[in-house]
Amino acid sequence: MRIAKRAFGIVMMVILTFKVGAQISQSNINYGNPKEYEIADIAVTGTAYLDQTALVSLSGLRVGDKIKVPGEEISTAIKKLWKQGIIGNVEIFASKIEGNKIWLTIELTERPRLTKFIFEGVSKTQIGELEDKIDLVKGKVLTDAIEKNTELTVKKYYVAKGFLNVDVNVTQQRDTILRNSVALNIAVDKGKKVKIRNINFDGNEHFSSSKLRKQLKSTGEAPRFLVHKDLLARGLNLLRPKNAKEFVTKSHEMSKQDLKEYLSQHVNVNIFKSNKFIESDFEDDKVSLITFYNSKGYRDAEILTDTVYGIGDKHLNIDISVDPGNKYYFREVKWAGNYIHDDETLDRILGISKGDVYDLELVNKKLNFNPNGPDISSLYMDNGYLFFSVTPVEVGIENDSIDLEMRVYEGAQATIDKVYVTGNDRTNDHVIMREIRTLPGQKFSRAELIRTQRELAQLGYFDPEKVNPVPIPNPVNETVDIEWSVEERPSDQVQLSGGWGGAFGFVGTVGLQFNNFSLKNIPHFEKWRPLPIGDGQKLALSIQANGRRFQSYNLSFSEPWLGGRKPNSFGVNFNYSVQRNLNIRTNEIFGSLKVAGMTVSLGRRVKWPDDFFTVSNSISFLQYNLFNFGRSLGFDSGVSNSFTFNTTIARNSVDQPMYPRQGSQVSLAVAMTPPYSLWRDIDYATADNATLYKLLEYHKWNLDFKYYLKLAGNLVLAPRVHFGFIGSYTSKAGIGPFERFQLGGDGLTGQNFLLGTDVIGLRGYENNSIVPRDVEAGIDGGVAFNKFVMELRYPVSLNPSATIYVQAFAESGNNWNNYQDFNPYEQFRSAGLGVRIFMPAFGLLGLDWGYGFDTLPGQLERSGPQFHFSIGQQIR
């Protein structure tokens, strides 16, 4: 109504556009005989904020112009000013006429400016979300279009949340302080959330209604639950149908098969699907429904009608009428234009035989991109044929059979000309270029393009969701340029944390980890941003302490490309820890354990069995210095030296490190000390433990397997398996007290980490609660363990500044003190829920709730519910 009134006002102003000032005689203007005047001056009145010179310029009138009065020039000027949307009313009149000269005055009123906007009926959280969506700027001129857009934006926001009957009223409130200013009041009445009650199908002769509802990925019915007593004997946990009375009656009369069919027609079983009605999602779901019919051979399927209607103020129904048409099958598939590869090769990859159900979507997937196997395009594009294309054409339709001709254009092989990177404002070009497998002069390969994308995502310096290769083909020169677009994300981490360390009490941790460090830029302050970064090296420093009783220091450095030419890694690590036994009353030291160590490692990538494998070798030295420390290690005073050669063979094919969706990780780690018992001149039968363990002797094996399977969208199944055992070279030496396994809890190393213990997490049980004891030797810890994990993950946010995903898990594990008792079927089981939050500045944080189903040795009841907090990426 308001728009109509203003439109009428514009028309009237155009008609009555010119009036004469009181001081001008009406006889000076002859409306029946227009006269030409020269504009002597133009004045503007009524402005508060607008620039008068700019308004005159916008009108199109200029001093010195000749206009006819009455005439089109004045009408045109008013139209131009109105188009700006910043004026509420405008008139142009002659304030003075002398001879053939005329003095004009533009009289206008400005539209008000916005001082603030107020929401009513909206929560604080929703206010924040709406402020990000609406285009309201304080101090800006408030137009009708802005008001209308605000109303529509707020309505759209609530409709997307299921409030289809939302009412939004936008009104102006005059500001009593500022002149020509208003506040905008946005009153929202959400009403009740509208849910989908029933989705009904007509024409579904070939598939059940429940089958068709599953194809509507984002549109589902509201669940109704009921467990009926007469059906519990059949072991059926049923959802409530539309008419409970009808259901009870029918359940007595129908056979089991008929009952299942009835339930499939009337019961919604997907309680996880959204039951809100969102029109855009519904349109997409209709496309998915037709795609489903097409995949089953019904190429002519169409939706005849779809009707959405309300039932009350809280529910609506959807009726969909489908015409599936006839079902078709493949008959002949022929190839045309293929010279590089013969028909037999292409047919084998296509995998379609005469008589198969006609599915053009499957054909296009196997022609262009098949994530589950080979496709025709990869056959060509991996060999440089970037300009390749293939088009399936239906050349014959007879009854229910269709003939296809695959028209192939092979084109010429494309050579990579230029490769460049954009978006890397922190990481140096050479760090990226050394990971790139699509190099100038090589033939184009789609497989290498995908592999490079994975390698860059694995670096951890960039947002893995935004590592994007952009091929720029040049068919004339038969070349292609490749632009790698990346977006840097913070990769350095600062750890400031504290926790209760068992007998230690409060333990504080300060850590710095620079994951993209540059050692050579340390003396070049002009290259600091704000630290020497960009060369892909890692430098980490951490300190843990709680005062005199416990301190731990760790410093490590690694270079992934030693020498810069080959991916040969180099690393060095130094650590020192001390644990003291203090008298509680006098605070005097009466015992201690000091551990000092160093590790030097060299690693390399290998190409056999494939180029996902790496081999890493390292030499480690650890010295344990015990003074009156206690008998949990089999001796309380002495020095133990551990010199180990470590080898790790690993294969890593996951697509990205933070939230993997596909791929696997396999790792076999072996640590070996020299077999001192072969030449040590001591009597192992009579020597005390301090003498036996002066030179530690053992070999240790750990096997870890992780697999990631994308189920649907970003829903990922992540099973894991872990095995480990530690042994001795000879029976007379036995297995020492160090490097044994402790199982249970969150996997954080608690108070016993100084002893070189390998801590394995098992949620649902207390930390380090599954620790067998060698009573004869007086040593705690297992010599063999296994662990099985199944996780179902779904991301809440994949934003690189805060990656969050939730997970449900089931796992089991056990720990044994000797090989004779080892039994992989004897497991302590648990299940639960958890969340993981990755923030670049603090690393990966985890919170889990697990329920332990079994009773541990020495306990009287099952473990039950446990909460667990974790820091960092847990290996096992």
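Values in this document were obtained by computation on a predicted structure and should not be read as measured data.

K.L.:
Looking at this structure, how should I read the layout of surface pockets?
P.N.:
One water molecule sets the probe size; rolling that probe over the atoms shows where empty space is left. The computed volume of the second largest pocket comes to approximately 1200 Å³. The wall of the second largest pocket is formed by 30 residues, among which Phe369, Pro371, Ile450, Asp655 and Gln662 lie closest to the centre. When contributions to the lining of the second largest pocket are tallied by element, the ones reaching two or more residues are helix H15 (446-459) and strand S27 (699-712). Per-element tally for the lining of the second largest pocket: the top contributor is H15, with seven residues. Along the lines of polarity and charge, the residues of the lining of the second largest pocket split into twelve nonpolar, nine polar and nine charged.

K.L.:
In this structure, what is going on with the side chain of glutamine 537? I would like to understand it.
P.N.:
Its location among the elements puts glutamine 537 in strand S20 (residues 537-545). A polar contact is formed between the side chain of glutamine 537 and the backbone nitrogen of leucine 519, at a distance of 2.7 Å. Ignoring anything within four residues of it in the chain, the contact list for glutamine 537 reads Phe514, Asn515, Asn516, Phe517, Ser518, Leu519, Phe557, Ser558, Glu559 and Pro560.

K.L.:
I would appreciate a short explanation of the pattern of salt bridges in the present structure.
P.N.:
Tallied over the entire structure, the rule returns 31 salt bridges. Between arginine 62 and aspartate 65 there is a salt bridge whose closest N-O contact spans 3.8 Å. Given the relative accessible area of 57%, arginine 62 is considered exposed. Overall, aspartate 65 belongs to the partly exposed group, its relative accessible area being 24%. Where arginine 763 meets glutamate 791, a salt bridge forms, and the shortest distance between an N and an O atom there is 2.9 Å. A residue pair is termed long-range when its members are at least 10 positions apart, and arginine 763 in the loop between strand S30 (758-760) and strand S31 (773-774) and glutamate 791 in strand S33 (residues 784-799) qualify at 28 residues.

K.L.:
How do you make sense of the packing of aromatic side chains when you look at a structure like this?
P.N.:
Within a pair of aromatic rings, the relevant descriptors are the distance that separates the centres and the angle that separates the planes. The final tally for this structure, using the stated rule, is 26 aromatic pairs. Between phenylalanine 277 and phenylalanine 282, the aromatic rings sit 5.5 Å apart at their centres with planes inclined by 50°, giving tilted as the arrangement. One exposure class covers both phenylalanine 277 and phenylalanine 282, and it is buried. With 6.4 Å between their ring centres and 40° between their planes, tryptophan 849 and tyrosine 851 make a pair best called tilted. Taking the relative accessible area as the measure of exposure, tyrosine 851 reaches 24% and is therefore partly exposed. An aromatic cluster of three or more residues is present, and its members are Phe207, Phe292, Tyr293 and Tyr298. Positioned over the ring face of tyrosine 328 is arginine 299, at 5.5 Å from the centre of the ring. It is arginine 763 that lies over the ring of phenylalanine 809; its NZ or CZ is 3.8 Å from the centre.

K.L.:
What am I meant to see in a positive patch on the surface here?
P.N.:
Together, Lys192, Lys193, Lys195 and Lys314 line one region of the surface with positive charge. If you trace the backbone, lysine 193 turns up in the loop between strand S8 (181-189) and strand S9 (195-202).

K.L.:
Hey, could you run me through the confidence of the model for the protein in this one?
P.N.:
As a note on interpretation, predicted positions should not be read in detail where pLDDT is low. Across the protein, the average pLDDT comes to 83, with 87% of residues at or above 70. Here residues 225-253 scores under 50 on pLDDT; set against residues more than four positions off or in separate chains, the count is 43 contacts. For residues 262-272, every residue scores under 50 in pLDDT, and the model assigns this stretch 27 contacts once sequence neighbours within four places are set aside.

K.L.:
Sorry if this is basic, but what is going on with the sheet that holds strand S6 (residues 113-120) here?
P.N.:
Hydrogen bonding along the main chain pairs the strands of a sheet, whether they run parallel or antiparallel. Read from one edge of the open sheet, three strands run S6-S8-S7, paired in mixed fashion. Two strands close off the open sheet at either side, each with one partner strand: S6 and strand S7 (167-174). When strand polarity is set aside, the average angle formed by the axes of neighbouring strands in this sheet is 20°. The pairing of S6 with S8 spans seven bridges and is classified as parallel. In the sheet register, isoleucine 118 faces S8, and the bridge partner there is asparagine 185.

What counts as what
- Residues numbered from 1 in each chain as written.
- Predicted model: local features only at pLDDT ≥ 70, side-chain atom pairs only at ≥ 80, totals over all residues.
- Heavy atoms only, no water.
- 1 Å grid on protein atoms, 1.4 Å probe; cavity = no way out; pocket = protein on both sides within 12 Å on 5 of 7 lines; lining within 4 Å.
- Points joined across faces, edges and corners; volume = space filled by probe spheres on them.
- Helix = DSSP H or I, 4+ residues; strand = E, 2+ residues; numbered from the N terminus.
- Nonpolar A, V, L, I, M, F, W, Y, C, P; charged D, E, K, R; others polar.
- Polar contact = N/O pair within 3.5 Å; in protein donor to acceptor, adjacent residues only side chain to side chain.
- Contact = heavy atoms within 4.5 Å.
- Salt bridge = Lys/Arg side-chain N within 4 Å of Asp/Glu carboxyl O.
- Buried < 20%, exposed > 50% of the residue type's maximum accessible area, 1.4 Å probe, protein only.
- Phe/Tyr/Trp six-rings, centres within 6.5 Å; stacked < 30°, edge-to-face > 60°.
- Lys NZ or Arg CZ within 6 Å of the ring centre and 35° of its normal.
- Patch = residues over 30% accessible without salt bridge, like charges linked within 9 Å, V, L, I, M, F, W, Y side chains within 5 Å.
- Areas by Shrake-Rupley, 256 points an atom, 1.4 Å probe, with all protein chains shown as cover.
- Lys, Arg positive; Asp, Glu negative; His and termini not counted.
- Charge placed at Lys NZ, Arg CZ, Asp CG, Glu CD.
- pLDDT = per-residue confidence, 0-100.
- Pairing = 2+ DSSP bridges.
- Axes fitted to C-alpha atoms, helices over the stretch in contact; angles between N-to-C directions.

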